[in-house]
Amino acid sequence: MTDQIRTIAIPLLALALAACDSAPNAPLESPPLAGAAIGGPFTLVDKTNREVRWTDFDGKYRIVYFGYTYCPDVCPMDVQILMKGFGEFEKVNPELAKQVQPIFITIDPERDTPEVVGEFAAAFSPRLLGLSGSPEAIAAASKAFAAYSAKGTEGAGGYLMDHSRIAYLMDRRGKPVVMLPIDKDYKAVAAELVKWVR
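Okay, so let's go over this structure.

Regarding its fold elements, the protein chain presents six helices and nine strands. Restricting to contacts in the protein chain with at least 6 residues of sequence separation, those with at least 24 account for 71%. Carbon and sulfur atoms make up 59% of the accessible area of the protein chain, which totals about 10,800 Å².

This part is about the side chain of Thr106. Position of Thr106 relative to the elements: it lies in strand β4 (residues 100-106). A distance of 2.9 Å separates the side chain of Thr106 from the backbone nitrogen of Asp108, its partner in a polar contact. At 2.5 Å, the side chain of Thr106 forms a polar contact with the side chain of Asp112. Look past the residues within four positions of Thr106 in its chain and what remains in contact with it is Gly67, Tyr68, Asp112, Val117, Leu131, Ser132 and Ile138.

As a further point, take helix α5 (residues 135-144). Every buried residue of α5 is accounted for by Ala137, Ile138, Ala141, Ser142 and Ala144. Taken end-on, α5 shows its buried residues confined to a sector of 160 degrees, consistent with a single buried face. Across from the buried face of α5, at angles greater than 90 degrees, the exposed residues are Pro135, Glu136 and Lys143. Looking at the packing, one finds that the buried side of α5 touches β1 (43-45), β3 (61-67) and β4. One or two steps after α5, the chain reaches Ala146, where phi turns positive at roughly 50 degrees.

Here we take up the pattern of salt bridges. Inspection of every chain in the model, using the stated rule, returns 11 salt bridges. Residue Arg50 is joined to Asp46 by a salt bridge in which the shortest nitrogen-to-oxygen separation is 3.1 Å. Ionic pairing is found between Asp171 and Arg173, a salt bridge with its closest N-O pair at 3.3 Å. Residue classification places Asp171 among the buried positions, given a relative accessible area of 13%. When its relative accessible area of 64% is taken as the criterion, Arg173 is described as exposed.

If you walk through the whole model with that rule in mind, you get nine aromatic pairs. Geometrically, the ring pair formed by Phe42 and Phe145 is tilted, given 6.3 Å between the ring centres and 50 degrees between the ring planes. Placement of the pair is Phe42 in the loop between α1 (3-22) and β1 and Phe145 in the loop between α5 and β6 (149-155), with a sequence separation of 103 residues. Their ring planes at 40 degrees and their centres at 6.4 Å tell us that Phe145 and Tyr168 sit as a pair that is tilted.

Counting buried residues along β4, seven of its seven residues qualify, which places the element largely inside the surrounding structure. Of the two faces of β4, the one lined by Val100, Pro102, Phe104 and Thr106 and the one lined by Gln101, Ile103 and Ile105 are each fully buried. With three bridges connecting them, β4 and strand β5 (residues 129-131) associate as parallel partners. Following the sheet pairing, Phe104 is matched in β5 by Gly130. Note that the unit made of β4, helix α4 (residues 114-124) and β5 has a crossover that is right-handed.

Cut-offs used in this document
All residue numbers refer to positions counted from 1 along the written sequence of the respective chain. Note on the predicted model: pLDDT of at least 70 is required for a residue's local features to be given, and 80 or more for side-chain atom pairs to be given and counted; whole-chain, interface and lining totals, by contrast, use all residues. The basis for every side-chain value is the complete set of heavy atoms in the structure, and neither hydrogens nor water enter the calculation. Strands are runs of DSSP state E lasting at least two residues, helices are runs of H or I lasting at least four, and both sets are numbered from the N terminus onward. Contact criterion: two residues are considered in contact whenever any of their non-hydrogen atoms come within 4.5 Å of each other. Exposure was quantified through the Shrake-Rupley algorithm and a 1.4 Å probe, taking into account, for residues, occlusion by the shown protein chains and nothing else. Contacts described as polar in this section are N or O atom pairs within 3.5 Å, which, within protein, must combine one atom able to donate a hydrogen with one able to accept it, while residues neighboring in sequence count only if both atoms come from side chains. Throughout, exposure labels follow a simple rule: accessible area from a 1.4 Å probe, protein chains only, divided by the maximum for the residue type, with under 20% read as buried, over 50% as exposed, and the rest as partly exposed. The arc in question is traced by the directions running from the helix axis to the C-beta atoms. We define a salt bridge as a side-chain nitrogen of Lys or Arg found within 4 Å of a carboxyl oxygen belonging to Asp or Glu. A pair of aromatic rings is counted whenever rings of Phe, Tyr or Trp (Trp by its six-membered ring) have centres within 6.5 Å, and the orientation is called stacked for planes under 30 degrees apart, edge-to-face for over 60 and tilted otherwise. Strands qualify as paired when DSSP identifies two bridges or more between them. If the strands point away from the viewer and the path from the first strand over the helix to the second runs clockwise, then the crossover is right-handed.

Everything listed is a geometric property; what it means functionally is a separate question.
This is how it looks when you write it as structure tokens:
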């Protein structure tokens, strides 16, 4: 090797090795919702009237969506996209998917009994846990997750509920990570799960 080639090659080799060394130690991207005041303890009931607490899922990722079973269009569409995206993630990462609990919480406990919510959730996926509870318990959970809802006026077919459309991904400690893009498509949901569930 000539002196001129050696002069160029040695610094380039040093830079390459430095790049290799720094890659594994590169900081991970911060979650979009890091530090947000979203989430908190709740006690609700599943389809068998068994009490379910937020702390029951400690150590697992959680996907949380608030809606209601009598919703004519938005909720079924959102939940279908959400669970199809989760299903795609599960195919690629079956072991990680076992560490994620998808949860549907009603905002309409007046009509959404535990049994009704359970049937609704099961129609989309056996992995989706449907939860109901007393109006007070639902209100407390909704407040903790900044989930807006309001009862509409009575009509011939009953009433509708006005509500926010957000699917939160929460980490293993119950802290918010990201809002899953249910307004896009299931592939976008799956991609976000791949990105954040580790």
